[in-house]
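Structural overview for review
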Amino acid sequence: MKLQFIKLKLDWHSELPLESLRQFIIESLNVHGDPLRWSITSIERSLMKKKIIVIEAVVIISDSF
């Protein structure tokens, strides 16, 4: 088992309500490992006016990943 720092940029689609944002982020982090700590460090706008959420996280990587 080890810890890994990751930085993700996620598209925040307009149909995703704010109330579902936390679950969306956790599900996206689960692909990389078990989230230990995470935070939204910024929200950017793309050229196509999409919202991009920048996440910094520490995930636990086990032998099964």
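Anyway, here's the lowdown on the structure attached to this text. Everything numeric here is computed off the predicted structure, so don't read it as measured data. (Residues numbered from 1 in each chain as written. Predicted model: local features only at pLDDT ≥ 70, side-chain atom pairs only at ≥ 80, totals over all residues. Heavy atoms only, no water.)

Some details on the packing of aromatic side chains
Cut-off, in case you're wondering: Geometry of aromatic contacts follows a simple scheme: Phe, Tyr and Trp rings, the Trp one being its six-membered ring, pair when their centres are within 6.5 Å, and the pair is stacked under 30 degrees between planes, edge-to-face over 60, tilted otherwise. Placement of a charge over a ring requires the Lys NZ or Arg CZ to be within 6 Å of the ring centre, with the centre-to-atom vector within 35 degrees of the ring normal.
Here the structure, examined in full by the defined rule, presents zero aromatic pairs. The ring of Trp12 carries Lys51 above its face, with NZ or CZ at 4.5 Å from the centroid.

Remarks on the nonpolar core
Which entries qualify depends on this criterion: The definition of a nonpolar core used throughout is a set of buried Ala, Val, Leu, Ile, Met, Phe, Trp, Tyr and Cys residues joined through side-chain atoms within 4.5 Å. Only protein chains enter the area calculation, which uses a 1.4 Å probe; residues under 20% of their type maximum are buried, those over 50% are exposed, and those in between are partly exposed. Strands are runs of DSSP state E lasting at least two residues, helices are runs of H or I lasting at least four, and both sets are numbered from the N terminus onward. Contact criterion: two residues are considered in contact whenever any of their non-hydrogen atoms come within 4.5 Å of each other.
Ranked by size, the top nonpolar core spans 12 residues in total: Ile6, Leu8, Leu10, Trp12, Leu21, Ile25, Leu29, Ile53, Ile55, Ala57, Val59 and Ile61. Looking at this core, the elements that each hand over two or more residues are strand S1 (2-12), helix H1 (21-30) and strand S3 (51-61). Leave out the neighbours within four places in its chain, and Leu8 touches Ser28, Leu29, His32, Ile53, Val54 and Ile55.

Observations concerning the pattern of salt bridges
Here is the rule we go by: The working definition used for a salt bridge is a side-chain nitrogen of Lys or Arg within 4 Å of a carboxyl oxygen of Asp or Glu.
Under the definition given, this model contains two salt bridges. For the salt bridge of Glu56 with Lys7, the shortest nitrogen-to-oxygen distance reads 4.0 Å. Of this pair, Glu56 sits in strand S3 while Lys7 is found in strand S1, placing the two residues 49 residues apart along the sequence. Judged by its relative accessible area of 27%, Glu56 falls in the partly exposed class. What makes Lys7 exposed here is its relative accessible area of 54%. The partner of Glu44 in a salt bridge is Lys9, with the nearest N and O atoms 3.7 Å apart. Placement of the pair is Glu44 in strand S2 (residues 34-45) and Lys9 in strand S1, with a sequence separation of 35 residues.

Points about the sheet that holds S2
Threshold: Two strands pair under a simple rule: DSSP has to find at least two bridges between them. In this analysis, axes come from line fits to C-alpha atoms, helices being fitted only over the stretch in contact, and the angle between any two N-to-C directions falls in the range 0 to 180 degrees.
Spatially, the three strands line up as an open sheet ordered S1-S3-S2, and their pairing is antiparallel. Looking at the sheet topology across the chains shown, the edges are occupied by S1 and S2. Across this sheet, the average inter-strand angle for adjacent strands is 20 degrees, counted without regard to direction. Sheet topology places S2 next to S3; 10 bridges connect them, and they run antiparallel. From the neighbouring strand, Trp38 faces S3, where its bridge partner is Ala57. Across the sheet, H1 touches S1, S2 and S3, and the angle it forms with S2 is around 115 degrees.

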